[in-house]
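Examination of the molecular architecture
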Amino acid sequence: MKKLLFVIFCMLAFTSCNIKQIDIAKENMLDIILNEDNTLINTISTGYKYYIPNGVTLIGRNKYNEILYSKGDYYYLYVDFVSYYNKVKLGYEENEYAYYSKKLNYKDKEGYIEITKINDKYFIEMMYNYSKIEAYVKEANIDEAVLNSSYILSSIKINDILMKSNLKSFEDKKKEEYLNIFVPKREEGTFLEPEIIDEIEEAGKESEE
């Protein structure tokens, strides 16, 4: 694990600062991590289990969602049991206007990553393996956030029995808000709304109290 991290950070350190080469560095990072068979597990949640990398802390749970924290940034993790059960296929179109946008397809698992600059920070959406992480980070933390998100999402293991039980609870709660992780915020017309950012950061602050 340490050797792999060292290789990744070396690639990033020796990458020049133009956008094209930054994109290449991120793609190399994603290729290395998502092509691996990630069997690491250190966290059990409701209906699934996964790996939290060193430096990332679980600070709260909200229903079937997790709130994670790393170096001043909050990550909001959501696992989509409904799409997993129905084997929903991805229809993501890469966004040429984003800071970074890429469709992901590794080992029969689909997803996407889209990074958008909002004021002086960056909104990261990474969806993979029927799970999604949203984070709002400083520019200096983008690469580490992508690295952490890749490890977390690639390690998600859903418990089929508990998943079916959770689906029943979803059906029983007709007013339950459903998050479509297959649709980036820009397609909903909401990704630039301050409420999105406030929700992620406020949820993290409440969990720390």
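Residues numbered from 1 in each chain as written. Predicted model: local features only at pLDDT ≥ 70, side-chain atom pairs only at ≥ 80, totals over all residues. Heavy atoms only, no water.

Reading across from one edge, E3-E4-E5-E9-E8-E7-E6 is the order of the seven strands in this open sheet, with antiparallel pairing throughout. The sheet is open, and its two edges are formed by strand E3 (57–62) and strand E6 (100–106), each paired on a single side. Strand-to-strand twist across the sheet, computed as the mean angle between neighbouring axes with direction ignored, equals 15°. Note: strand E8 (residues 121–128) against strand E9 (residues 131–137), seven bridges, orientation antiparallel. Across the sheet, the residue bridging to Tyr128 is Ser131, located in E9. Helix H4 (residues 142–155) rests against strand E4 (65–70), strand E5 (73–79), strand E7 (109–118), E8 and E9 of the sheet, and its axis sits at about 20° to E8. (Pairing = 2+ DSSP bridges. Helix = DSSP H or I, 4+ residues; strand = E, 2+ residues; numbered from the N terminus. Axes fitted to C-alpha atoms, helices over the stretch in contact; angles between N-to-C directions. Contact = heavy atoms within 4.5 Å.)

Next up on the list: the confidence of the model for the chain. Per-residue confidence for the chain averages 78 on the pLDDT scale, and 69% of its residues sit at or above 70. Note that residues 8–21 has pLDDT below 50 and, in this model, 18 contacts with residues that lie over four places away or in other chains. (pLDDT = per-residue confidence, 0-100.)

The next point concerns the pairing of E8. Most of E8 sits out of view: seven of its eight residues are buried. Pairing analysis gives eight bridges linking E7 to E8, with the strands arranged antiparallel. What sits directly across from Gly111, in E8, is Tyr128. Connecting E7 to the antiparallel partner E8 that follows it, the hairpin turn spans two residues, and Asn119 within it adopts a positive phi of roughly 60°. Counted along the chain from E8 to the antiparallel partner E9, the turn is two residues long, and its residue Asn129 has a positive phi close to 60°. (Buried < 20%, exposed > 50% of the residue type's maximum accessible area, 1.4 Å probe, protein only.)

Next up on the list: the pattern of salt bridges. Here the structure, examined in full by the defined rule, presents six salt bridges. The closest approach of N and O atoms between Arg61 and Glu66, which form a salt bridge, is 2.8 Å. Judged by its relative accessible area of 0%, Glu66 falls in the buried class. Note that Lys138 and Asp73 form a salt bridge whose closest N and O atoms lie 3.7 Å from each other. Taken together, the residues span a long stretch of sequence, with Lys138 in the loop between E9 and H4 and Asp73 in strand E5 at a distance of 65 residues. (Salt bridge = Lys/Arg side-chain N within 4 Å of Asp/Glu carboxyl O.)

Here three strands make up an open sheet; going across it, the order is E1-E2-E10 and the pairing antiparallel. Either end of the sheet is taken by a strand with one partner, and the two such strands are strand E1 (43–44) and strand E10 (157–158). Bridge analysis of strand E2 (residues 48–50) against E10 gives two bridges, and the strand direction is antiparallel. Looking at E10, one finds that Lys49 is bridged to Lys157.

What follows is about the layout of surface pockets. Computed from the structure, the second largest pocket encloses a volume of approximately 330 Å³. What lines the second largest pocket is a set of 15 residues, among which Asp108, Lys109, Glu110, Asn129 and Tyr130 lie closest to the centre. Those elements that place two or more of their residues in the lining of the second largest pocket are E7 and E10. (1 Å grid on protein atoms, 1.4 Å probe; cavity = no way out; pocket = protein on both sides within 12 Å on 5 of 7 lines; lining within 4 Å. Points joined across faces, edges and corners; volume = space filled by probe spheres on them.)

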